[in-house]
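# Structural characterization, general
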Amino acid sequence: TTPPYSITPTQINYDFRANSNSGSAGITAIAVDNPANPQHIYAAAEDGTFFYSNDNGINWNKASSFEGPYPWWLYGSSIVVSKINPSTIWYAGSGYSNPAVYVSNDGGLTFRPIATGLPNTLVTEIITNPEETMLFAATESGPYVYIAAEEKWYPMMGAAVPLQHYTSVEYIVKENTVRFGTYGRGLWDFKIESALSSGLFSFTATVSNQD
């Protein structure tokens, strides 16, 4: 059966490996700010090099004087581009010898760490809520949430939530729910119940599917 689409691959004419900080690192993450018109493309390499293109991959630059977090070999790094302000980019990875999460407010030119409240751990994936007031992180130390108004991370652990390596996270808009995947304890849903005056929120955690 012929599928109702066609795919024509093209290769970007840029040697990321040779231009990485170490001169030998491969690509571990990629993101665009608008999939329908990807003028801005971002890529991260295994050695923490961050690349950005503002012309659909014709020309590439590197973040200035910056070495980002290394990836976990099995999952890679995580890059999220703001849908509200495309110049804002979050970049996450291993944080055992450096901060695990960074943010850029100038389209990838420079980055600063956002680490307050987050332990030295591996971040495998990050995602925001639609308003981008919260950033959620699946980490080796459990699920975490970053409150933008406070510039601080908080653990989302509770009595019913397993202390486990959390490997993935997604935000289900219609259900106002954050769904985390774990390494060996299935999927866990965190239903966002209400916002509190302090900028925090309350939530109810339930197992969606347990291995």
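A quick note: this is a predicted structure, and the numbers were derived from the prediction, not measured.

### Re the overall build of the chain
Helix and strand counts for the chain come out as one helix and 16 strands. Computed over the C-alpha atoms, the radius of gyration of the chain is 18 Å, within 12% of the 17 Å expected from 2.2 N^0.38 for a compact globule of 211 residues. A principal-axis box enclosing the C-alpha atoms of the chain has dimensions of 50 × 50 × 30 Å. Counting only contacts in the chain whose residues sit at least 6 apart along the sequence, the fraction spanning at least 24 positions is 40%. Approximately 11000 Å² of the chain is accessible, and the part contributed by carbon and sulfur atoms is 50%. Averaging the coordinates of the 9 positive side-chain charges in the chain and doing the same for the 18 negative ones gives two points 4 Å apart.

### Focus: a nonpolar patch on the surface
A grouping of Trp73, Leu74, Tyr75 and Tyr183 is seen on the molecular surface, where their side chains present a nonpolar patch of about 540 Å² in accessible area. Mapping tryptophan 73 onto the fold places it in the loop between strand S4 (61-62) and strand S5 (78-81). Given the relative accessible area of 72%, tryptophan 73 is considered exposed.

### Some details on the pairing of strand S14 (residues 177-182)
Counting buried residues along S14, five of its six residues qualify, which places the element largely inside the surrounding structure. Across six bridges, strand S13 (residues 166-172) lies against S14 in antiparallel orientation. By the bridge assignment for S14, serine 168 is matched with glycine 181.

### Observations concerning the environment of asparagine 120
Assignment of secondary structure puts asparagine 120 in the loop between strand S8 (112-113) and strand S9 (123-128). Discounting chain neighbours no more than four positions away, the residues touching asparagine 120 are Gly95 and Tyr96.

### Re the confidence of the model for the chain
In the predicted model, the chain carries a mean pLDDT of 88, and 90% of its residues have values of at least 70. Below pLDDT 50 for its whole length, residues 196-200 participates in nine contacts with residues either more than four positions away or in separate chains.

### Structural notes on the sheet that holds strand S7 (residues 101-104)
Spatially, four strands are ordered S5-S6-S7-S8 in an open sheet, and the strand pairing comes out antiparallel. Each edge of the sheet is formed by a strand with only one pairing partner; in this case those strands are S5 and S8. Pairing geometry for S5 and strand S6 (residues 89-92), over four bridges, is antiparallel. From the neighbouring strand, valine 80 faces S6, where its bridge partner is tryptophan 90.

### Here's the deal with the pattern of salt bridges
Applying the stated criterion across every chain, the model contains one salt bridge. Across the pair aspartate 189 and arginine 179 runs a salt bridge whose closest N-O atoms are separated by 2.6 Å. Placement of aspartate 189 in strand S15 (residues 187-195) and of arginine 179 in strand S14 is noted, with a sequence separation of ten residues between them. Judged by its relative accessible area of 11%, aspartate 189 is buried.

### Side note on unusual backbone geometry
Phi is positive for glutamate 151, which is not a glycine, with a value near 55°. You can see glutamate 151 is positioned in the loop between strand S11 (142-147) and strand S12 (152-155). Residue class for glutamate 151 comes out partly exposed when judged on its relative accessible area of 47%.

About the criteria used
- Residues numbered from 1 in each chain as written.
- Predicted model: local features only at pLDDT ≥ 70, side-chain atom pairs only at ≥ 80, totals over all residues.
- Heavy atoms only, no water.
- Helix = DSSP H or I, 4+ residues; strand = E, 2+ residues; numbered from the N terminus.
- Rg over C-alpha atoms; globule rule 2.2 N^0.38 Å.
- Contact = heavy atoms within 4.5 Å.
- Areas by Shrake-Rupley, 256 points an atom, 1.4 Å probe, with all protein chains shown as cover.
- Lys, Arg positive; Asp, Glu negative; His and termini not counted.
- Charge placed at Lys NZ, Arg CZ, Asp CG, Glu CD.
- Patch = residues over 30% accessible without salt bridge, like charges linked within 9 Å, V, L, I, M, F, W, Y side chains within 5 Å.
- Salt bridge = Lys/Arg side-chain N within 4 Å of Asp/Glu carboxyl O.
- Buried < 20%, exposed > 50% of the residue type's maximum accessible area, 1.4 Å probe, protein only.
- Pairing = 2+ DSSP bridges.
- pLDDT = per-residue confidence, 0-100.

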